[in-house]
Amino acid sequence: MTSTTSRPHVRISKAANRYFVFDIDDVMYLRRNHNICSVFVGTMPQAPQQSAFMGLPIELMAEEAQVLVEKEVAYVVDDSKYHPARIAAAGPQDRQYIDVVKGITSDAQRSMRETTETRKAMFAHKGASKKKERKDKKASDAQTSEDVTAAPSADTEAATSLFDTTPEPASATTKNPSVTREAAPEAWLATLTTSDSLLTPAPGQDEPLASVDVPASYPLYAHLQDKGYFMMPGLRFGCNYNVYPGDPLRFHSHFQATGFQWNEDITLLDLVTGGRLGTNVKKSFLIGGRVEGEEQRKDETEAALDVRAFSIEWAAM
Amino acid sequence: MAHPDYLADLASTVYENLESQHDWTLLESHTHKQQQQSLPENKTLLPRPLITGLPPRRLYLHPDDQVELVKTHATYTVDETPEMEWVLPLHLNEKFTLKQIAEVFDSLELPEPLAEGRCKRLLMAIVHDDSTVVYYFVHDGIVKPRQN
């Protein structure tokens, strides 16, 4: 599984020691080319209790993030530091960001202006018809009591003029600075809902990348990943990883895998428990770890750790 | 050189269990590597005592073989052709490490080389004080589970 060189690196956001991928293209790429499908964790903002069908982002296990970094197809950035750093940094990306903000701001201003105008027109129309109504009423009132006609008609005029499209309010704003801030389009500020533009280009050599804290079972993960297996979190079968021979949508998992250190004591009851559970759910219990000491292969590299794994099944006797 | 007594006793417990409860035949205990040297003191001690034997029925069928047999409708013949198995006696209170498992596998000498893509396997016999013995297959590698 080689990566296409033309493709930009996958951006992994590290937030609160968790690793997220927000880009749907990246998610599809990882699933197709790097047998990583991971877990969708995004809820719908309007219905956060709906957890059956989650959406973006996906949350990667630390092992997955580390494997992708090792393969040089992804980079990990600490979101809380990366964003402010990008804004503060004076560089080409800074210029680009400001341009984007300006673009969005002017878009917002234009749409605000349009909305205001539509509303004004709407109120003007309403006001005019109201005025007509009031005039009719006034005429009938005048017949009954002539001494109160002046006051209500003046009120009506004042109320409707607030929504009139006459240039009068505009000229008033120029005199009053507090009103100017409300009405002048220049003062509208946009709050960005996305910071996409800050994220490109990918960080260079000088920008620090976030570290990935992998658990002790990482070598086993990397080994299985290298062999093309898909790994999902193993909680539901009491192990580190649920190992699928292909995409989990097409296959049942073959193994429940748990990583151990080469010289770590394994309680035999754990092996029995794992083997027994695995057999009950038609899986094999896989244990493994990185070979250490004299037995270790001499040609071991960071990318291909020397891992030895053993599969355990109940013998049915 | 010999194994400590408790390992020898453990092996004999499993030996008797296989012989009496599971009707295994051709049982044999192994403490040293099967080398061609005549002097017993020159033989290399195995990391753990092992037992070999022939179960009354075939105990293990690789899933790929199973698929082949289903295609040829010959599944019934499998039971009739048992294979020799290696047995590793262990006590429930023992602790085991990956390194030790690897050493045991490395010390196994198979009479004939393995088929392509197949791994060594052994039967882990875990003994408890109430004389319960449970048997689990351990494969030396990533071996997909049997279909059942």
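Residues numbered from 1 in each chain as written. Chains lettered and ligands numbered in written order. Predicted model: local features only at pLDDT ≥ 70, side-chain atom pairs only at ≥ 80, totals over all residues. Heavy atoms only, no water.

### Digging into the overall build of chain B
A count of helices and strands for chain B gives 3 helices and 6 strands. Along its sequence from the N terminus, chain B presents helices and strands in the succession α-β-β-α-β-β-α-β-β. For chain B, the C-alpha radius of gyration of 16 Å lies close to 15 Å, the compact-globule estimate for 148 residues. Seen through its C-alpha atoms, chain B measures out along the principal axes to roughly 50 × 40 × 30 Å. Within the span of chain B, comprising 148 residues, buried residues form 45% of the whole. Restricting to contacts in chain B with at least 6 residues of sequence separation, those with at least 24 account for 65%. For chain B, the exposed surface amounts to about 8100 Å²; the carbon and sulfur share of it is 50%. For chain B, the distance from the average site of its 13 positive side-chain charges to the average site of its 23 negative ones is 7 Å. (Helix = DSSP H or I, 4+ residues; strand = E, 2+ residues; numbered from the N terminus. Rg over C-alpha atoms; globule rule 2.2 N^0.38 Å. Buried < 20%, exposed > 50% of the residue type's maximum accessible area, 1.4 Å probe, protein only. Contact = heavy atoms within 4.5 Å. Areas by Shrake-Rupley, 256 points an atom, 1.4 Å probe, with all protein chains shown as cover. Lys, Arg positive; Asp, Glu negative; His and termini not counted. Charge placed at Lys NZ, Arg CZ, Asp CG, Glu CD.)

### Regarding unusual backbone geometry
Among all residues save glycine, negative phi is the norm, and among peptide bonds the norm is trans. Put simply, L56 of chain A and P57 of chain A share a cis peptide bond, and its omega is -5°. When you line up the elements, P57 of chain A lands in strand 4 (residues 55-60). Despite not being glycine, A316 of chain A shows a phi value in the positive range, around 60°. As for its position among the elements, A316 of chain A is in the segment after strand 11 (307-314). Residues other than glycine seldom take positive phi values, yet L26 of chain B does so here, at roughly 50°. For L26 of chain B, the location among the structural elements is in strand 1 (residues 25-32). Exposure remark for L26 of chain B: the relative accessible area of 60% places this residue in the exposed category.

### Section: the confidence of the model for chain A
Looking at chain A, the pLDDT average stands at 78 and 71% of residues meet or exceed 70. A low-confidence stretch, residues 146-161 of chain A stays under pLDDT 50, and its non-local contacts, those more than four residues away or across chains, total 7 contacts. (pLDDT = per-residue confidence, 0-100.)

### Digging into helix 9 (residues 218-226) of chain A
Residue and element names in this part refer to chain A. Of all 9 residues making up helix 9, 8 are buried, and the element is well covered by its neighbours. Every buried residue belonging to helix 9 is among Y218, P219, L220, Y221, A222, H223, L224 and Q225, and all of these are buried. Summarising the contacts, the buried residues of helix 9 are in contact with helix 2 (62-70), strand 6 (230-233), strand 7 (241-244), strand 8 (255-259), strand 10 (284-290) and strand 11.

### Some thoughts on the sheet that holds strand 6 of chain A
Read across the open sheet, the 10 strands follow the order 6(A)-7(A)-8(A)-10(A)-11(A)-6(B)-5(B)-3(B)-2(B)-1(B); overall the sheet is mixed. Edge positions in the open sheet fall to strand 6 of chain A together with strand 1 of chain B, since each of these has one partner strand only. Strand-to-strand, the axes of this sheet are offset by a mean angle of 30°, without reference to chain direction. Taken together, the 3 bridges between strand 2 (residues 45-54) of chain B and strand 3 (residues 85-91) of chain B define a ladder with antiparallel strand orientation. Each bridged residue has a counterpart across the sheet, and for I51 of chain B the counterpart in strand 3 of chain B is V87 of chain B. The strands that helix 10 (residues 268-280) of chain A touches are strand 8, strand 10 and strand 11 of chain A together with strand 3, strand 5 (121-127) and strand 6 (133-139) of chain B; relative to strand 11 of chain A, the one it contacts most, it runs at about 65°. (Pairing = 2+ DSSP bridges. Axes fitted to C-alpha atoms, helices over the stretch in contact; angles between N-to-C directions.)

### Notes on the interface of chain B and chain A
Opposite the 36 residues of chain B that make contact, chain A presents 37 residues. Buried surface at the junction of chain B and chain A, summed over both partners, amounts to about 3200 Å²; 64% is from carbon and sulfur atoms. When the buried surface of chain B facing chain A is broken down by residue, L98, Y136 and I142 of chain B rank first, second and third, together holding 26% of it. Along the contact surface separating chain B from chain A lie 3 salt bridges. A salt bridge links D140 of chain B to R308 of chain A; its shortest N-O distance comes to 3.2 Å. Inspection of the region where chain B meets chain A yields 14 residue pairs in polar contact (both at pLDDT 80 or more). Elements supplying a minimum of two residues to the side of chain B that touches chain A: strand 3, strand 4 (95-96), helix 3 (98-107), strand 5 and strand 6 of chain B. Top contributing element to the side of chain B that touches chain A by residue count: helix 3 of chain B, with 7 residues. (Buried area = accessible area lost by both parts, 1.4 Å probe. Salt bridge = Lys/Arg side-chain N within 4 Å of Asp/Glu carboxyl O. Polar contact = N/O pair within 3.5 Å; in protein donor to acceptor, adjacent residues only side chain to side chain.)

### Considering the sheet that holds strand 4 of chain A
Residues and elements named next belong to chain A. The sheet built from 5 strands is open, its strands ordered 3-4-2-1-5 with mixed pairing. A single partner strand is all that each edge strand has here, and the edge strands are strand 3 (39-42) and strand 5 (74-78). Ignoring which end each strand starts from, the neighbouring axes of this sheet average 40° apart. Here 3 bridges tie strand 3 to strand 4, and the two strands are oriented antiparallel to one another. Bridge pairing in strand 4 places F40 opposite I58. In the packing of helix 2 onto the sheet, the strands contacted are strand 1 (10-15), strand 2 (18-21), strand 4 and strand 5, and the crossing angle to strand 4 comes to about 80°.

### A short note on the pattern of salt bridges
Residue and element names in this part refer to chain B. Within this structure, the stated rule accounts for 18 salt bridges over all chains. The partner of E68 in a salt bridge is K71, with the nearest N and O atoms 3.7 Å apart. Note that E68 and K71 are positioned in helix 2 (residues 63-71) at a spacing of 3 residues, about one turn of the helix. Shared partners join several salt bridges into a network, and the residues in it are R58, E83, E85 and R121.

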